[in-house]
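# Residue-level structural notes
Single-letter residue listing:
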Amino acid sequence: MAKALHDYSIAEAGKMLRSGATTSMALTEHALERTKTIDPLIDSFVLLTRERALAEAAAADAAFANGIDKGPMQGIPHALKDIYGTAGIRTTCHSKLLIDNVPTEDSVVAAKFKAQGAVMLGKLATHEFAIGGPSFDLPFPPARNPWNPAHAPGGSSSGSGAAVAAGLVRMAMGSDTGGSIRGPAGYCGTVGLKPTYGLVSRRGVFPLSYTLDHCGPLSWTVEDSAIAMEVIAGFDPHDPASADVPIPDFRAKLGRSVQGLRLGLPRHWFIKADGASAETLRAIDDAAGTLAKLGAIIEEIELPDYELYNACGRVILLSEAYAIHEKDLQTRPLDYGLYTYLRMGTGAFTSAADLTQAMRLRRELALALNAKLKACDALITASTLTPAPAFADHDPKSPPNFPVQLMPFDVTGNPAMSIPTGFSANGLPLSMQIVGRAFDEPTVLGIGAAFEAATNLHVRRPAFDVARAA
Amino acid sequence: MPDTTTDDAALTAEFDALAGRAGLSIPDDRKAALLQGYKDLKRMTALMRQPRTAADEPAAAYSILSVTRSI
């Protein structure tokens, strides 16, 4: 039986577009209709750019008809977290402060998708300024988890995780400063890739923390993240962090065996972590077992204490975020949502010495991780430590601390991908991370693809009570 | 037994002084939660105070190449 149109991956839909089996218009109209039906249940979009999407779909179909093929995203619907600047299209960061903000220029990532003939379906919910959420005191409601809308999708790329898991788009762009791509990917059961720091330009994306911000994709399959990386990776001399390095073939290791790969497992990080669920831990051990059966060599390794990585990253993040928002936090504090204010306001209390110590520690921690990666081809470790928490469990007066272990690789800048490992007893996704050497995304993606093929977890989709959406 | 009342009062005074220095006028209903965030921050900054070698220095935070290449 043929799959529903939204269940075809970017790779599959791309083949269908090129063979004439479907059109970009059909893909786009299907996505718009599905979004109209399902999004009222999960609030993943803050803006649907319907007319633009239909025009871009028509342009993509015309290009195919004229033998013009600009690349793998041509004609494919996608969406952007609402911190990516989009020329002529409102970019709010999910905040009252930017509710009327219409950029005049595209972010580099948005421009790259546009240049390739991709179809932008709209802008996606985020935690306010990629830090404060999930909140009910903002101009838009928080995104909800498609597997159970009473639960959060994680953040801050909350809408990106929700939209991909719900099959509204095959790929959405997120950003990751302390885990904001990988957390929602883990909670929503999608793939989420935080690329190496500097591999994807951040220009035109509203900053949270200059030295920790990363742009990357969330997608339903590993291959689709590789395809997105083909479009967005590249040197940008106007992004001070951009790395002038050769761009790898992101699909080079898809379909390859993991036989003989040495995978480090820093089990001591997560095995006794506060709040870690037994199901999550068991799923990571099972995943390690699966990779071992596929021929990988799993080796437990010791790294510096997880809390050091976390403290280092949080002190840098809070300091830099406060510097960016200082004036508004001083002069219009009540225009921020409560959670945003409480998180960012903490940055007012870091000293110059605190920040300098954090930067010194950062180098030490990055050296320690990368020393281990000389002996290992990659690491596997925890991502989200529990299934997605319920909204009802959040304290309305204090921002939630999502139980995750994601910050270390923002601190070090190494590529890290969250990938599903199974489901909890109550049907919520579980996850782990695959972490690679700097600029070695192909190995991370290759291991992820091998695990995905062995487990086939991606064939399971959330079910929706669409009657409630009417 | 430590005098937690005095400790809490001292911490609150320190918090108020730093907030004032930062130019923050903290809404009353947000003060208790932000103070809790400050306590957590102090835990983290204390954790980072460990012996380091001279090699652990942050000069890489500034790159002259990233300036000149954009001109």
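Residues numbered from 1 in each chain as written. Chains lettered and ligands numbered in written order. Predicted model: local features only at pLDDT ≥ 70, side-chain atom pairs only at ≥ 80, totals over all residues. Heavy atoms only, no water.

### Let's talk about the side chain of T196 of chain A
All names here are of chain A. Convention followed: Per the convention used, a helix needs a DSSP run of H or I reaching at least four residues, while a strand needs a run of E reaching at least two, with both numbered from the N terminus. Each residue gets one of three labels from its accessible area relative to the maximum for its type: buried under 20%, exposed over 50%, partly exposed in between, using a 1.4 Å probe on protein chains only. By definition in these notes, contact holds between two residues if any of their heavy atoms fall within 4.5 Å.
Along the polypeptide, T196 turns up in the loop between β5 (191-194) and β6 (214-219). The exposure class assigned to T196 is buried, which follows from its relative accessible area of 3%. Once you skip the residues sitting within four places of it in the chain, T196 turns out to touch H214, G413, N414, P415, A438, F439, D440 and E441.

### Some remarks on the confidence of the model for chain B
Residues and elements named next belong to chain B. Our working definition: Every residue gets a pLDDT, meaning the predictor's confidence in that residue, from 0 to 100.
Considering every residue of chain B, the mean pLDDT works out to 88; 92% of them sit at 70 or more. Per-element mean pLDDT across chain B ranges from 81 in helix α3 (residues 64-68) up to 95 in helix α2 (residues 28-48). Predicted complex, confidence summary: ipTM 0.90, pTM 0.96.

### Let's talk about a nonpolar patch on the surface
Which entries qualify depends on this criterion: Think of a patch as exposed residues, more than 30% relative accessible area, with no salt bridge, where like charges cluster within 9 Å and nonpolar side chains (Val, Leu, Ile, Met, Phe, Trp, Tyr) cluster within 5 Å. Only the protein chains shown count as cover for residues, and all accessible areas are computed by the Shrake-Rupley method using a 1.4 Å probe. Basic side-chain nitrogens of Lys or Arg form a salt bridge, by our definition, when they fall within 4 Å of a carboxyl oxygen of Asp or Glu.
Side chains of Y62, I64, L65, V67 and I71 of chain B sit close together on the surface and give an oily, nonpolar patch of about 600 Å² of accessible area. Within the secondary structure, I71 of chain B sits in the segment after α3.

### A word on helix α10 (residues 306-331) of chain A
Residue and element names in this part refer to chain A. Note the cut-off: Each residue after the first adds 1.5 Å to the expected span of a helix. One axis fitted to the seven residues ending at a residue, another fitted to the seven starting there: the angle between these axes is the bend at that residue. For this analysis, a polar contact is any N or O atom pair within 3.5 Å, provided that within protein one partner can donate a hydrogen and the other can accept it, and provided that sequence-adjacent residues contribute only side-chain to side-chain pairs.
Helix length check: α10 (26 residues) gives 36 Å between terminal C-alpha atoms against 38 Å at 1.5 Å per residue, within 8%. At H325, α10 shows its maximal kink, close to 70°. The residue sitting at the N-terminus of α10 and contributing the capping side-chain oxygen is D305; that oxygen lies 3.0 Å from the backbone nitrogen of E307.

### A few points about the pattern of salt bridges
All names here are of chain A. Following the criterion strictly, the structure yields 22 salt bridges over all chains and no others. Taking the shortest distance from any N to any O, the salt bridge between D7 and R461 comes out at 3.0 Å. Taken together, the residues D7 in the segment before α1 (10-19) and R461 in the segment after α14 (441-455) connect sequence positions 454 residues apart. You can call R461 buried: its relative accessible area is 18%. Residue D410 is joined to R182 by a salt bridge in which the shortest nitrogen-to-oxygen separation is 2.7 Å. Of this pair, D410 sits in helix α13 (residues 408-412) while R182 sits in helix α6 (residues 182-188), placing them 228 residues apart in sequence.

### Observations concerning the packing of aromatic side chains
Residues and elements named next belong to chain A. Under the convention used in this document: Aromatic rings from Phe, Tyr and Trp, taking only the six-membered ring of Trp, are treated as a pair when their centres fall within 6.5 Å; an angle between ring planes under 30 degrees marks them as stacked, one over 60 as edge-to-face, and anything in between as tilted. Charge over a ring is defined by NZ of Lys or CZ of Arg lying within 6 Å of the ring centre and within 35 degrees of the ring normal.
Overall, the coordinates contain eleven aromatic pairs over all chains when judged by the stated rule. Following the ring pairs from residue to residue traces out a cluster consisting of W269, Y306, Y309 and F409. Here the basic side chain of R144 rests over the ring of F391, its NZ or CZ set 4.7 Å away from the ring centre. The lysine or arginine in question, R461, covers the ring of W220, its NZ or CZ lying 3.9 Å from the ring centre.

### What about the packing of helix α2 (residues 24-42) of chain A against helix α3 (residues 50-65) of chain A?
Residues and elements named next belong to chain A. Operational definition: Axes here refer to lines fitted to C-alpha atoms; in helices the fit is confined to the stretch in contact. Angles between the N-to-C directions go from 0 to 180 degrees. By the definition adopted for this analysis, an angle is roughly parallel if under 35 degrees, roughly antiparallel if over 145, roughly perpendicular if from 65 to 115, and oblique otherwise. Crossings are assigned a handedness: left-handed for a near helix turned anticlockwise from the far helix by less than a right angle, right-handed for a clockwise turn.
α3 packs onto α2 with a crossing angle of 160° between their chain directions and a minimal axis gap of 8 Å. Looking at the two axes, α2 sits roughly antiparallel to α3. Here α2 and α3 pass one another in a crossing that is right-handed. The segment α2 lies against α3, with S24, M25, T28, E29 and L32 engaging R50, A53, L54, A57, A58, A60 and D61.

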